[in-house]
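As a plain string of letters, each chain reads:
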Amino acid sequence: MTEQTRLVETQDGGGVKPDGAVVKPDGAVVRDALGVGVAVGLSGFAFGVTSAGSGLVLLQTCALSLLVFTGASQFALVGALAAGGNPFTAAAGAFFLGVRNAFYGLRLSQLLALPRAVRPFAAQWVIDETTAVALAQSTRRAARIGFTVTGLSLYVLWNLTTLLGALGAEAIGDTDAWGLDAAGPAVFLALLAPMLRTTAERAVAGVAVVLGLGLLPVLPAGVPVLVAAVAAPVVLWAEGRRRADGRPDDSRRGVPEDGVPEDDAQEDGVQEGGDR
């Protein structure tokens, strides 16, 4: 069944589809989307403080949130600048982190099927949170509502809290003296941790941390982040070699080549024996 067939347009507020999938009422989708938007949007305080502490003026800080609007890239950029890194190196690291949003866009373009005139504006809201909320829905209508509400609430709140955070940092003065220089990395880790669901993803993160911290004393600021990107192809290469050697994947342990789990196969055998 194709994605277009599965995501049938619905006019009611919820119910159960013919295939048994539960369709959330519109109110429930809005509530969940607002929860994500508000929770993540408050992180803009930390970005505003971190950006101001890195030496960016208020206008530059607000422009980053308005135009870039992807937290991981923004924190990476101001973090590298705060460490004394070259602006071009810092921008390169932020760019590579933001590339993932392009792949999100490929998936969401099919899922949401928005009119062409709307797509350039919707592209600004293609980030981790809006993608997660949209993909969690069972109908196109719910996906569109989830994407729109999450994107709008997060965009407004993120930019508002960025402004307030930057203004507060200017009023405080030396953010390092208050320990606020740690706010950026802490929020960055909080955003990243829930995304590490598989062994391979955790391995990539672990190798990247080792590379980044190990090279920090010997390379210019901002460069260790770029080098740490090597962790992904290294782990994928090792994963490919492991599978080529015939070692079972953790997620497929106990599942033979025919795709039937051993326990299920044994149960089928017992049932067949009983029928005889």
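See the structure above.
Nothing here was measured: the structure is a model prediction, and the numbers come from that model.

Conventions we followed
Residues numbered from 1 in each chain as written. Predicted model: local features only at pLDDT ≥ 70, side-chain atom pairs only at ≥ 80, totals over all residues. Heavy atoms only, no water. Axes fitted to C-alpha atoms, helices over the stretch in contact; angles between N-to-C directions. Helix = DSSP H or I, 4+ residues; strand = E, 2+ residues; numbered from the N terminus. Parallel < 35°, antiparallel > 145°, perpendicular 65-115°, else oblique. Left-handed = near helix turned anticlockwise from the far one by under 90°. Contact = heavy atoms within 4.5 Å. Nonpolar A, V, L, I, M, F, W, Y, C, P; charged D, E, K, R; others polar. Salt bridge = Lys/Arg side-chain N within 4 Å of Asp/Glu carboxyl O. Buried < 20%, exposed > 50% of the residue type's maximum accessible area, 1.4 Å probe, protein only. Phe/Tyr/Trp six-rings, centres within 6.5 Å; stacked < 30°, edge-to-face > 60°. Patch = residues over 30% accessible without salt bridge, like charges linked within 9 Å, V, L, I, M, F, W, Y side chains within 5 Å. Areas by Shrake-Rupley, 256 points an atom, 1.4 Å probe, with all protein chains shown as cover.

1. Some thoughts on the packing of helix H3 (residues 44-53) against helix H5 (residues 71-82)
So, point 1. Where H3 contacts H5, the two axes come as close as 9 Å, and the packing angle between them is 25 degrees. By the angle between their directions, the pair H3 and H5 is classed as roughly parallel. Remark: the crossing between H3 and H5 carries left-handed chirality. In contact with Ala-46, Phe-47, Thr-50 and Ser-51 of H3, H5 contributes Gln-74, Phe-75 and Val-78.
So, point 2. For the contact of H3 with H5, the class distribution of residues is four nonpolar, three polar and no charged.

2. What to know about the pattern of salt bridges
So, point 1. Inspection of the entire model under this criterion finds six salt bridges.
So, point 2. Between Asp-128 and Arg-100 there is a salt bridge whose closest N-O contact spans 2.9 Å. You can see Asp-128 sitting in helix H9 (residues 128-135) and its partner Arg-100 sitting in helix H7 (residues 100-112), a full 28 residues away along the chain.
So, point 3. Owing to a relative accessible area of 21%, Arg-100 belongs among the partly exposed residues under this scheme.
So, point 4. Where Glu-239 meets Arg-243, a salt bridge forms, and the shortest distance between an N and an O atom there is 3.4 Å. On the criterion of helical spacing, the pair formed by Glu-239 and Arg-243 is a turn pair, its members being four residues apart in helix H14 (residues 231-244).
So, point 5. Accessibility expressed as a relative area gives 18% for Glu-239, which makes it buried.
So, point 6. By sharing partners, the salt bridges in this structure join Lys-24, Arg-31 and Asp-32 into a single network.

3. Quick notes on the packing of H3 against helix H4 (residues 58-68)
So, point 1. In the contact formed by H3 and H4, the axes pass within 9 Å of each other and the chain directions differ by 135 degrees. Here H3 lies oblique to H4, going by the angle between them. Every pair of crossing elements has a handedness; the one defined by H3 and H4 is right-handed. Residues Phe-47, Gly-48, Ser-51 and Ala-52 of H3 touch H4, and the partners they reach there are Thr-61, Leu-64 and Ser-65.
So, point 2. Grouping the amino acids of the contact of H3 with H4 by side-chain chemistry returns three nonpolar, four polar and no charged.

4. A look at the packing of aromatic side chains
We describe a pair of aromatic rings using the distance from one ring centre to the other and the angle between the two ring planes.
So, point 1. Taken as a whole and assessed by the stated rule, the structure comprises six aromatic pairs.
So, point 2. Aromatic side chains Phe-47 and Phe-75 sit 5.7 Å apart centroid to centroid with 90 degrees between the ring planes, which places their arrangement in the edge-to-face category. Within this pair, whereas Phe-47 is found in helix H3, its partner Phe-75 is found in helix H5, the two being separated by 28 residues in sequence.
So, point 3. Judged by centre distance (5.7 Å) and plane angle (65 degrees), the rings of Phe-95 and Phe-96 are edge-to-face.
So, point 4. Of the aromatic side chains, those joined through ring pairs into one cluster are Phe-47, Phe-75 and Trp-158.

5. Observations concerning the environment of Leu-81
So, point 1. With respect to the helices, strands and loops of the structure, Leu-81 is situated in helix H5.
So, point 2. Residues Leu-81 and Leu-56 lie 25 residues apart in sequence; the distance between their C-alpha atoms is 8.9 Å.
So, point 3. Leave out the neighbours within four places in its chain, and Leu-81 touches Ser-54, Leu-56, Pro-87 and Ala-90.

6. Quick look at unusual backbone geometry
Only a minority of non-glycine residues have a phi that is not negative, and only a minority of peptide bonds are not trans.
So, point 1. For Phe-69, which is not glycine, the phi dihedral falls at a positive 50 degrees.
So, point 2. For Phe-69, the location among the structural elements is in the loop between H4 and H5.
So, point 3. Relative accessible area serves as the criterion here: at 3%, Phe-69 is assigned to the buried category.
So, point 4. Notably, Ala-113 is not glycine yet its phi reads approximately 50 degrees, a positive angle.
So, point 5. Along the chain, Ala-113 falls in the loop between H7 and helix H8 (119-122).

7. Brief notes about a nonpolar patch on the surface
So, point 1. Together, Val-38, Leu-42, Phe-45, Leu-160, Leu-163, Leu-164 and Leu-167 give the surface a local cluster of nonpolar side chains, amounting to about 550 Å² of exposed area.
So, point 2. Tallying contributions element by element places helix H10 (residues 140-172) first for the nonpolar patch, with four residues.
So, point 3. With respect to the helices and strands, Leu-163 occurs in helix H10.
So, point 4. Taking relative accessible area as the criterion, Leu-163 reaches 31% and is therefore assigned partly exposed.

In short, shape yes, function no, at least from these values alone.
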